[in-house]
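# Structural description and commentary
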Amino acid sequence: MAKHFLSILDLDTDTAWALVRRADEMKRTRHRGDLLRGETVILIFEKASTRTRVSFEVGVRQLGGDSLLMTPAESQLGRSEPLADTARVLSRYARGLVVRTFGQHKLEELARHASIPVINALSDLYHPCQVMSDMLTMYERTPDLGALRVAWVGDGNNMAHSFLNAAALFGFELRLACPEGYDPDPAVLDAARARGARLVLTRDPREACEGAHYINTDVWASMGQEQEQKRRERAFADYQVDAALLAVAAPQVWVMHCLPAHRGEEVSAEVLDGPRSIIFDQAENRLHMQKAIMEWIFTAEQGETGK
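The present account deals with the structure reproduced in this document. Predicted model, so just to flag it, every value in this text is computed and none were measured.

### A look at the side chain of Gln62
Mapped onto the fold, Gln62 is located in helix α2 (residues 51-62). At a separation of 2.6 Å, a polar atom in the side chain of Gln62 contacts the side chain of Lys291. The residues contacting Gln62, other than those within four sequence positions of it, are His31, Arg32, Gly33, Leu287 and Lys291.

Here it is in structure tokens:
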């Protein structure tokens, strides 16, 4: 059975911590390796990307392998071929699949039928590689993640869902401020609570940010939601991360954003470009965490198959 990474909850607590520490080591040592020498990892991207695509392609090369990009415009994806057939065929060509798509069900279908690992590079439900790299970014500054209060301000989207998953494994308190109608998926909330996550869900951004060590946000309208932009602007008008929110947070609060950002909407330019912003460290850490994830997955897969 191939090892897949479709959600942070595919990890146990020990493995999650091991990945953070390994990514930190890889970053400090500028790690290069030959784990994927002679191998190809296929990137299946149904959504456009800058950081995810580049960090995975560079990461594969730094582990000694090659990558190949597939989009719907250049393949049978989403058209005449069932995903099950695509998974079976690509399993005979490549070492693994990195998939950026809309529905989580597509990842699950590929994983069911692939004999090689499938990695979730983003779906509408989860963004696990991003949030694991955010754990690295936090760990670099405050290694005791369990002592932290983390605020999420804005949409209860795939990023919020993966932060909920992370809170269940790393033990930090997560306080989410979402407008009515934009709460996280109740099933994701319930799963995090069942695993002991310390959660607060509120309508008040100030309540969420009070005493917070980290404040996170994301765009108001993600890819595929552009037609909702005006409605979302009205709903999220009081949810901008600005200097007033930072004033109620911890004195050394850090501001995070997965990018791309819309300055003047979900976050003020003053904050995003200010001294408390760590957005570019987050972006860099995508590379290091994804290398750690791939090493974990492909080392395990190598041991199981005897390759």
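### Re the sheet that holds strand β1 (residues 40-45)
Pairing is parallel across the open sheet formed by four strands, whose spatial order is β2-β1-β3-β4. Two strands bound the open sheet, and with one partner strand each, they are β2 (66-70) and β4 (118-122). This sheet shows a mean twist of 20 degrees between the axes of neighbouring strands, independent of strand direction. With five bridges connecting them, β1 and strand β3 (residues 96-100) associate as parallel partners. Along β3, the bridge assignment pairs Ile44 with Val99. Together, β3 and β4 form the strand contacts of helix α4 (residues 104-113), whose direction differs from that of β4 by roughly 165 degrees.

### Quick look at the sheet that holds strand β7 (residues 198-202)
Strand-to-strand pairing in sheets goes through backbone hydrogen bonds, with the strands running parallel or antiparallel. As summarised here, the arrangement of the five strands in space is β7-β6-β5-β8-β9, forming an open sheet in which the pairing is parallel. Strands with a single pairing partner mark the edges of an open sheet, and in this sheet they are β7 and β9 (254-257). Recorded for the sheet is a direction-independent mean angle of 20 degrees between the axes of neighbouring strands. As judged from the five bridges shared by strand β5 (residues 149-153) and strand β6 (residues 173-177), these two strands associate in the parallel manner. In the sheet register, Val150 faces β6, and the bridge partner there is Leu174.

### Details of unusual backbone geometry
A cis geometry characterises the amide bond from Leu259 onward to Pro260, with omega recorded as 0 degrees. In the Ramachandran plot, Arg30 falls in the positive-phi region, its phi being about 50 degrees despite a non-glycine side chain. Tracing the backbone through its elements, the reader meets Arg30 in the loop between α1 (13-29) and β1. With relative accessibility at 60%, the residue Arg30 sits in the exposed group. Phi is positive for Leu122, which is not a glycine, with a value near 150 degrees. Relative to the helices and strands, Leu122 resides in strand β4. Here Leu122 falls in the buried class, since its relative accessible area comes to 8%.

What counts and what doesn't
Residues numbered from 1 in each chain as written. Predicted model: local features only at pLDDT ≥ 70, side-chain atom pairs only at ≥ 80, totals over all residues. Heavy atoms only, no water. Helix = DSSP H or I, 4+ residues; strand = E, 2+ residues; numbered from the N terminus. Polar contact = N/O pair within 3.5 Å; in protein donor to acceptor, adjacent residues only side chain to side chain. Contact = heavy atoms within 4.5 Å. Pairing = 2+ DSSP bridges. Axes fitted to C-alpha atoms, helices over the stretch in contact; angles between N-to-C directions. Buried < 20%, exposed > 50% of the residue type's maximum accessible area, 1.4 Å probe, protein only.

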